Amino acid sequence: MARPPGSTVVAVALVVVATVLAVLVVVNLPTGAGSPEARPTGTGPVADTGWVAVRGGERLTLADGQSFDLARGVAGGELAPGADLLLTQRADRLGVREPGGLAVVSPGADHEVRRCLEAGSWDGTLDGVHELAAGTDVCVRTADGRCALLTVESPPDVVTRVLIFRYTLWERR
């Protein structure tokens, strides 16, 4: 049976449209990071409903030139896959994988995600890590939309160059 003129072009166009729609649906699937309004953006208070603690640890160490994967709770080399944080510059600079951010928050007794969701000033690096006092809380917004609160247990110094900390990691569900 002969095909009507132009039917091949219409069929190809339908396949292209279906493919584009499928890609758009996959790209917009929930990632656990929540909608942009619900992610920690530093733009003011956000309800913490839906944030679930997924990992944490105490007395963890991060040495100069090491990175740390918050989701797995392990330190690795400077360019370790999946790393969220990197301690550099003679252990005096803490950096986060982009497009994440870091924010020092006011001291508090509670280790709750809302403290990070309400943080007002985010940056990709934190200089002066040697000067952080024990008990300082640092919020981390990870590149994959998670949120963590790190508490400095012992800051690095020019001799030991090791940051000792505890943390809780949350993700949006």
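Criteria and cut-off values
Residues numbered from 1 in each chain as written. Predicted model: local features only at pLDDT ≥ 70, side-chain atom pairs only at ≥ 80, totals over all residues. Heavy atoms only, no water. Phe/Tyr/Trp six-rings, centres within 6.5 Å; stacked < 30°, edge-to-face > 60°. Lys NZ or Arg CZ within 6 Å of the ring centre and 35° of its normal. Pairing = 2+ DSSP bridges. Helix = DSSP H or I, 4+ residues; strand = E, 2+ residues; numbered from the N terminus. Axes fitted to C-alpha atoms, helices over the stretch in contact; angles between N-to-C directions.

Enquirer: How should the packing of aromatic side chains be read in this particular structure?
Expert: The geometry of an aromatic ring pair is captured by two quantities: the separation of the ring centres and the angle between the planes. All chains considered together, the criterion is met by 3 aromatic pairs. Following the ring pairs from residue to residue traces out a cluster consisting of F68, F165 and Y167. Lying across the ring of W122, R141 places its NZ or CZ 4.6 Å from the centre.

Enquirer: How should the sheet that holds strand β7 (residues 125-127) be read in this particular structure?
Expert: What holds strands together in a sheet is hydrogen bonding between their backbones, with the strands either parallel or antiparallel. Spatial strand order, β3-β2-β4-β5-β7: 5 strands in an open sheet with antiparallel pairing. The two strands at the open ends of the sheet, each matched to only one other strand, are β3 (74-76) and β7. Neighbour to neighbour, the strand axes of the sheet diverge by 20 degrees on average, direction disregarded.

Enquirer: For this particular structure, what's the right way to read the sheet that holds strand β6 (residues 101-105)?
Expert: Spatially, 5 strands are ordered β1-β10-β9-β8-β6 in an open sheet, and the strand pairing comes out antiparallel. Edge positions in the open sheet fall to β1 (51-63) and β6, since each of these has one partner strand only. Neighbour to neighbour, the strand axes of the sheet diverge by 20 degrees on average, direction disregarded. In terms of strand pairing, β6 meets strand β8 (residues 137-141) through 5 bridges, oriented antiparallel. Looking at β8, one finds that G101 is bridged to R141.

Without other data, these values stay purely geometric and don't point to any function.
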